[in-house]
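# Structural overview
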Protein chains: 2
Amino acid sequence: MNRGLLLVVSGPSGAGKGTICKALMQKKSDIHLSVSATTRSPRPGEVDGESYYFISEETFRSMIESGGFIEWACFCQNYYGTPREKVEEQLAAGHDVILEIEVQGAMQVRSKFPEAVFVFVMPPSLDELRNRLSGRGTEQPEVVEERLKTALWEFSNIEKYNYIVLNDDVDKAVDRFIHIIEAEKQRTERNGALIATVKERID
Amino acid sequence: MNRGLLLVVSGPSGAGKGTICKALMQKKSDIHLSVSATTRSPRPGEVDGESYYFISEETFRSMIESGGFIEWACFCQNYYGTPREKVEEQLAAGHDVILEIEVQGAMQVRSKFPEAVFVFVMPPSLDELRNRLSGRGTEQPEVVEERLKTALWEFSNIEKYNYIVLNDDVDKAVDRFIHIIEAEKQRTERNGALIATVKERID
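The structure reproduced in this document is the subject of the present report. It should be emphasised that the depicted structure is a prediction, and the values quoted were computed from it without experimental measurement.

Below, the discussion takes up the pattern of salt bridges. In this structure the tally under the stated criterion is 22 salt bridges over all chains. Of the charged contacts, one joins Arg 61 of chain A and Glu 57 of chain A as a salt bridge, the two residues approaching to 2.8 Å between their closest N and O atoms. With a gap of four residues between them, Arg 61 of chain A and Glu 57 of chain A both fall in helix H2 (residues 57–65), about one helical turn apart. Among the ionic pairs, Glu 46 of chain B bridges to Arg 40 of chain B, the shortest N-O distance being 2.9 Å. A relative accessible area of 9% places Arg 40 of chain B in the buried class. A single network of salt bridges, built from pairs that share partners, joins Glu 184 and Arg 190 of chain A together with Arg 187 and Glu 189 of chain B.

In structure tokens, the structure reads:
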């Protein structure tokens with residue numbers, strides 16, 4: 001059995017990563033979305049273990065020290081991180097795993113999992129991005145501006161990603177993800193077992 | 001407009017490359033299959049300009065000298081080659097082009113078109129391959145054995161290909177090709193124009 005695919009999904013806040021990932025999991029039930037841990041407080045409607053694992057700063061720091069995170073970062077004075085154990089388990093069991101994380105976290109994953117696939121979700125336009133960011137209605141204008149600046153920084157790292165998925169339409173974007181996942185599984189470097197079997201038969 | 005994708009398809013004789021490529025073109029009308037030139041005689045039913053361009057050895061050699069081939073090789077005392085001009089035209093017009101060629105030709109393409117995508121078509125098993133090779137019924141046993149030896153040599157080069165497509169079922173194999181083509185179009189390095197536009201907007 002082949003090891004699962006680790007798919008790292010980034011892109012500016014408001015590009016629609018979350019919506020795509022949810023729709024993708026409904027279409028492909030064998031994909032697992034990694035749940036991040038955070039020290040920030042739950043927002044209304046957020047459920048512990050589903051939206052995030054809400055943990056204390058003390059627990060978070062102790063996990064950092066014990067190597068319990070694949071990647072972690074601090075935004076707006078809150079910690080966010082990807083717990084290592086479940087991801088490793090899923091991959092070993094042959095399941096694909098999605099990490100929906102920020103650019104700086106993604107770069108940490110790349111150094112630890114060079115075989116991971118990095119996908120940058122692109123909003124159709126920067127105007128559209130601004131509309132989407134503002135459109136949530138739950139953020140202050142200065143938060144929107146701050147997020148836009150962050151988005152610009154993220155765009156400047158786009159060439160570190162393997163793929164760019166345009167999110168002009170959720171269904172189309174999901175299909176694009178499926179193409180990427182199915183294609184990556186056929187990459188020669190992921191089929192060492194198949195090649196070894198053939199070579200054994202040849203010798 | 002993005003340049004078309006150059007897809008190089010190899011794999012042992014009898015693996016089903018030709019069947020897959022034909023089925024793929026029926027499903028995706030925007031793909032063009034490059035027609036090779038050869039100095040061998042037409043077999044019954046083969047049409048000049050469709051199966052191959054049947055040309056004289058003199059013409060072939062003069063095209064080699066003028067750089068008219070992307071790749072060429074000599075098998076069983078006959079020359080086979082991929083004329084450069086049409087392929088370049090199609091790619092420049094944004095059309096995807098398939099070259100269905102032998103391993104040694106594919107390696108020539110790689111040095112000239114490093115951005116090409118290399119796909120190795122794998123028969124479900126070596127036994128199945130032998131069955132398919134023999135099953136054509138049009139070949140002598142020694143030709144079958146010779147082809148099998150060539151197939152083994154081809155397998156030894158499999159790691160030079162980007163993707164391995166298993167041909168256990170033609171429809172599935174065609175879908176696998178479509179995943180590869182659609183995924184490759186989203187690769188970051190093929191979307192320089194998109195990135196440039198975004199960066200321009202940012203600055």
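A few words on the packing of aromatic side chains. Applying the stated criterion across every chain, the model contains 18 aromatic pairs over all chains. Residues Phe 120 of chain A and Tyr 161 of chain A carry aromatic rings whose centres are separated by 5.4 Å and whose planes lie at 75° to one another, so their mutual orientation is edge-to-face. With Phe 120 of chain A in strand S8 (residues 117–122) and Tyr 161 of chain A in the loop between helix H6 (141–155) and strand S9 (163–166), this residue pair connects regions lying 41 residues apart in the sequence. Both residues of the pair, Phe 120 of chain A and Tyr 161 of chain A, belong to the buried class. Geometrically, the ring pair formed by Phe 75 of chain B and Tyr 80 of chain B is edge-to-face, given 6.0 Å between the ring centres and 65° between the ring planes. Residue classification places Phe 75 of chain B among the partly exposed residues on the basis of a relative accessible area of 24%. Against the face of Tyr 163 of chain B rests Arg 187 of chain A, its NZ or CZ located 4.8 Å from the ring centre.

Rules behind the numbers
- Residue positions are counted from 1 within each chain, in the order its sequence is given.
- Here chains are named by letter from A upward and ligands by number from 1 upward, in the order in which they appear as written.
- This being a predicted model, a pLDDT of at least 70 is required before a residue's local features are given, and a value of 80 or more before pairs of side-chain atoms are given or counted; all residues contribute to the totals for chains, interfaces and linings.
- Values reported for side chains reflect all heavy atoms of the structure, with hydrogen atoms and water molecules removed beforehand.
- Salt bridge, as used here, is a side-chain nitrogen of Lys or Arg placed within 4 Å of a carboxyl oxygen of Asp or Glu.
- Helix and strand definitions follow DSSP, with helices as H or I runs of at least four residues and strands as E runs of at least two, each counted in order from the N terminus.
- Relative accessible area decides the class of each residue, using a 1.4 Å probe on protein chains only: under 20% of the type maximum gives buried, over 50% gives exposed, and in between gives partly exposed.
- Stacked, edge-to-face and tilted labels apply to pairs of Phe, Tyr and Trp rings (six-membered ring for Trp) whose centres lie within 6.5 Å, assigned for plane angles under 30 degrees, over 60, and everything in between, in that order.
- Charge over a ring is defined by NZ of Lys or CZ of Arg lying within 6 Å of the ring centre and within 35 degrees of the ring normal.

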